[in-house]
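The residues making up each chain are set out below.
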Amino acid sequence: MPEYTENFHLTKPLLSEYYDVDVFNQNADAIDAAIKSVDAFCGTELSNLNDNNLLSDTKTFANVSSGSAEIIDETYKGLSVRYLNTKSASFTSTFITYQNISIWGHDSFTFSFYAKGTPSTKRLQCSFPTGGNTTSAMTSQGSHSDNSTGLITFELPEEWQRYWVTWTVSPTSETNTGVVTVNLLNSAECYMCGCKLEYGMTATDWCPSASESLLSGGSIPMKDSNHEKYNVDYNALADAILEKLKSKQYTIGEAQTSIVDALNTQNSETTTLESRIDALLAHDIYVGSVMLAPECHVTYEENGQSEYVMQPYIVQAYNYHLIDQIFENMTIPDGYKRAYRLSAVINTNNAGKLSIQINDLLLIYDGTWSTSEYRMPHMSRKFYEDEIAYKEFGKGAGLELKVSVENQTSDAYAWGVTIHGYLEKI
């Protein structure tokens, strides 16, 4: 008779038995259901699932294309460090490359990393070529690029710091892929570790990929010749899976808990996970975002007399359901309500002012008062759905984005106009 694991009742055949694929799949489904039950209870953004890194081998840099860079003995935060020195070179050298990143179904990716090096002008380059589908790039240092490969540069700090770059993309086919490439220009040196690529425009803490979080240091057994049974020591495999499952950590506020502890707490008569969340999370909880416009360009136009007049505003209409999509895969916990903010990077190039409105609600009103190279990031105040009443445009619209200017004497821009969703404690 087979034995069973303690927590999730997974079948553990005897060493003398072949292990049937159907039973293996049933156990896999049980593991998956257990994880999903905790995910659903905690809420997607209430826990650090440690499975949103799209890159593999980022802790050790094993099996990663690294050009001339080398792994050194130094570590940072428990992560292997790659080092590259181009002080004696007269050309750009490849630091690291991650190939074949599928971009289908997503409009933005954020790449983050720890780095230090030689303080100088901008020497570290990051790019995300996608076959012409990359539309813009913005960095934690305030740089912006419209390069079709997402090419953008960083200044290197003397001490370890974490940096990020967000690329916006417009995929046209399910086969569209991107390549994350990091290059070091000549006459510089750089140390790097903790690379992470994730969906969206928000950089989060480093974590391993999903497969590395659940099973690391081993591989799934191969099928035998009839493709129906595994000839393995399944007791050892089941125990290894269970241990990985038990060690999977959820971060709630500043506290961490395992899946097993979270399940036990959820079912406890004295202490529930929900009460712990209420105690630890008195602040807003970020849920997600949706980009309305990669770029809004309010232009000058010729009036027929060799003079130019300012186009006063531009208006774009969207399906009102866009703001609901941020919350569509979660249940709003008791004691919380939806809240929103609007973000954008703007440039007016003189004393003019640029305003951004959502359904006539003014959320950003400012100018940059400097050259066209100077761009200013903005995050609006919080606003609520009852402040942006549905506007009837027909054909399922109802959400209006209006970008306008005043006292302007040149073109004005707003990049990456994005609505962010939060849970606000009532």
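Each remark here, short or long, concerns the structure printed above.
Quick caveat, the model's predicted, so the values are computed rather than measured.

With respect to the overall build of the protein chain
Here is step 1 of the chain: Looking only at helices and strands, the protein chain features 6 helices and 27 strands.
Here is step 2 of the chain: Counting the 426 residues in the protein chain, one finds 47% classified as buried.
Here is step 3 of the chain: Nonlocal contacts in the protein chain, meaning residues at least 24 apart in sequence, comprise 75% of its contacts between residues at least 6 apart.

Focus: the sheet that holds strand 12 (residues 161–169)
Here is step 1 of the chain: Read across the sheet, 7 strands follow the order 4-5-14-7-12-9-10 without closing on themselves; strand pairing throughout is antiparallel. Here the strands that pair on one side only, and so sit at the sheet edges, are strand 4 (70–76) and strand 10 (144–145).
Here is step 2 of the chain: Note that strand 7 (residues 108–117) and strand 14 (residues 189–199) share 8 bridges and pair antiparallel. Bridged to Phe 109 within strand 14 is Tyr 199.

Details of the pairing of strand 22 (residues 336–347)
Here is step 1 of the chain: Burial within strand 22 is extensive, with 9 of its 12 residues counted as buried.
Here is step 2 of the chain: Sheet topology places strand 22 next to strand 27 (residues 412–425); 11 bridges connect them, and they run antiparallel. Looking at strand 27, one finds that Asn 347 is bridged to Tyr 413.
Here is step 3 of the chain: Relative to strand 25 (residues 376–379), strand 22 is paired through 4 bridges, and the arrangement is antiparallel. Opposite Ile 346, over in strand 25, you have Met 376 as the bridge partner.

Notes on the side chain of Ser 136
Here is step 1 of the chain: Note that Ser 136 resides in strand 9 (residues 134–139).
Here is step 2 of the chain: A polar contact is formed between the side chain of Ser 136 and the side chain of Thr 168, at a distance of 2.5 Å.

What counts and what doesn't
- Residues numbered from 1 in each chain as written.
- Predicted model: local features only at pLDDT ≥ 70, side-chain atom pairs only at ≥ 80, totals over all residues.
- Heavy atoms only, no water.
- Helix = DSSP H or I, 4+ residues; strand = E, 2+ residues; numbered from the N terminus.
- Buried < 20%, exposed > 50% of the residue type's maximum accessible area, 1.4 Å probe, protein only.
- Contact = heavy atoms within 4.5 Å.
- Pairing = 2+ DSSP bridges.
- Polar contact = N/O pair within 3.5 Å; in protein donor to acceptor, adjacent residues only side chain to side chain.

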